[in-house]
Amino acid sequence: MTEATATPTPKKTVKAATAAFETALPKFDIPNLEVPAAVRELTEKSVQNARDAYEKLKSHAEETTDLLEDTYTTASKGVAEYNTLALEALRANVNSTFDYFSALLGTKSLSEAVEISTGHLRKQFDVLSAQAKDLSVLAQKVANETAEPIKASVEKTIKKAS
């Protein structure tokens with residue numbers, strides 16, 4: 001019968017290596033030194049200043065992250081709304097074009113075709129002007145809503161600095 005040898009686990013291997021390393025190092029006696037109170041106080045102040053600076057940095061990083069998330073959310077909603085409006089305009093224009101060609105194919109004379117074409121062009125000019133105005137107003141709204149959190153953050157930072 002053969003005995004199964006235990007496979008060492010990574011934890012056991014690390015413990016064994018650490019123990020071997022510690023026994024191989026020479027032992028030095030470090031004398032107990034009294035640290036002057038001024039040095040200790042200066043060190044404590046430095047550590048506290050570093051902690052305070054870290055907290056401020058962390059706070060500003062979190063605020064910036066929140067600002068970017070709000071800006072991205074607002075922008076993506078605005079772009080989706082803009083795309084929806086643009087697709088609706090495209091659908092209306094395509095349907096109008098099909099209606100125009102259908103009416104044009106049903107004409108019996110050249111004068112009737114010219115009359116239908118003139119009416120269609122006049123109507124399409126008005127529709128396209130209205131669609132462009134609506135898209136422009138929406139784009140301006142989206143730009144303002146997207147820039148608002150950034151503007152508020154900059155104003156807040158300027159007020160803090162003042």
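Scroll up to find the structure this text is about.
Residues numbered from 1 in each chain as written. Predicted model: local features only at pLDDT ≥ 70, side-chain atom pairs only at ≥ 80, totals over all residues. Heavy atoms only, no water.

*Asks:* Give a detailed account of the overall build of the protein, specifying residues and quantitative values.
*Replies:* Scanning the protein for helices and strands turns up 3 helices and 0 strands. Ordered by position in the sequence, the α and β elements of the protein form the string α-α-α. Taking 162 residues into account, the globule formula puts the C-alpha radius of gyration at 15 Å, and the protein, at 38 Å, lies well above it. Principal axes of the C-alpha set define a box for the protein whose edges measure 115 × 75 × 15 Å. The buried share of the protein, reckoned over its 162 residues, is 10%. Looking at the protein alone, contacts between residues at least 24 apart form 76% of all its contacts between residues at least 6 apart. (Helix = DSSP H or I, 4+ residues; strand = E, 2+ residues; numbered from the N terminus. Rg over C-alpha atoms; globule rule 2.2 N^0.38 Å. Buried < 20%, exposed > 50% of the residue type's maximum accessible area, 1.4 Å probe, protein only. Contact = heavy atoms within 4.5 Å.)

*Asks:* Residue-level account of helix 2 (residues 37-105), with values.
*Replies:* For the α-helix, the turn length of 3.6 residues means that residues three or four positions removed from each other point alike. For helix 2, built from 69 residues, the straight-helix expectation of 102 Å at 1.5 Å per residue is met to within 8% by its first-to-last C-alpha distance of 101 Å. Among all positions of helix 2, only Leu 67, Thr 71, Gly 78, Ala 89, Asn 93, Ser 96 and Tyr 100 are buried. Contacts made by the buried residues of helix 2 are with helix 3 (110-161). (Expected span 1.5 Å × (residues − 1).)

*Asks:* So what's going on with the pattern of salt bridges? Which residues, and what values?
*Replies:* Counted by the stated rule, this structure contains 2 salt bridges. The salt bridge partner of Lys 45 is Glu 41, with a shortest N-O separation of 3.6 Å. One end of the pair is Lys 45 and the other is Glu 41, both in helix 2 and 4 residues apart, which spans about a single turn. Since its relative accessible area comes to 44%, Glu 41 is described here as partly exposed. (Salt bridge = Lys/Arg side-chain N within 4 Å of Asp/Glu carboxyl O.)

*Asks:* Lay out a negative patch on the surface in plain terms, naming residues and giving numbers.
*Replies:* The grouping of Asp 52, Glu 55, Glu 62, Glu 63, Asp 66, Glu 69 and Asp 70 at the surface amounts to a negative patch. Here Glu 55 shows up in helix 2. On the basis of relative accessible area, Glu 55 is assigned to the partly exposed category, the value being 47%. (Patch = residues over 30% accessible without salt bridge, like charges linked within 9 Å, V, L, I, M, F, W, Y side chains within 5 Å. Areas by Shrake-Rupley, 256 points an atom, 1.4 Å probe, with all protein chains shown as cover. Lys, Arg positive; Asp, Glu negative; His and termini not counted. Charge placed at Lys NZ, Arg CZ, Asp CG, Glu CD.)

*Asks:* Tell me about a nonpolar patch on the surface, and please be specific about residues and values.
*Replies:* Side chains of Leu 87, Leu 90, Val 94 and Phe 98 sit close together on the surface and give an oily, nonpolar patch of about 410 Å² of accessible area. Inspection of the secondary structure assignment puts Leu 90 in helix 2.

*Asks:* I'd like to hear about the packing of helix 2 against helix 3, residue by residue, with values.
*Replies:* Running from amino to carboxyl end, helix 2 crosses helix 3 at an angle of 180°, the nearest separation of the two axes being 10 Å. On the basis of their axis angle, the class for helix 2 and helix 3 is roughly antiparallel. Taken together, the residues of the contact of helix 2 with helix 3 break down into 21 nonpolar, 13 polar and 8 charged. (Axes fitted to C-alpha atoms, helices over the stretch in contact; angles between N-to-C directions. Parallel < 35°, antiparallel > 145°, perpendicular 65-115°, else oblique. Nonpolar A, V, L, I, M, F, W, Y, C, P; charged D, E, K, R; others polar.)

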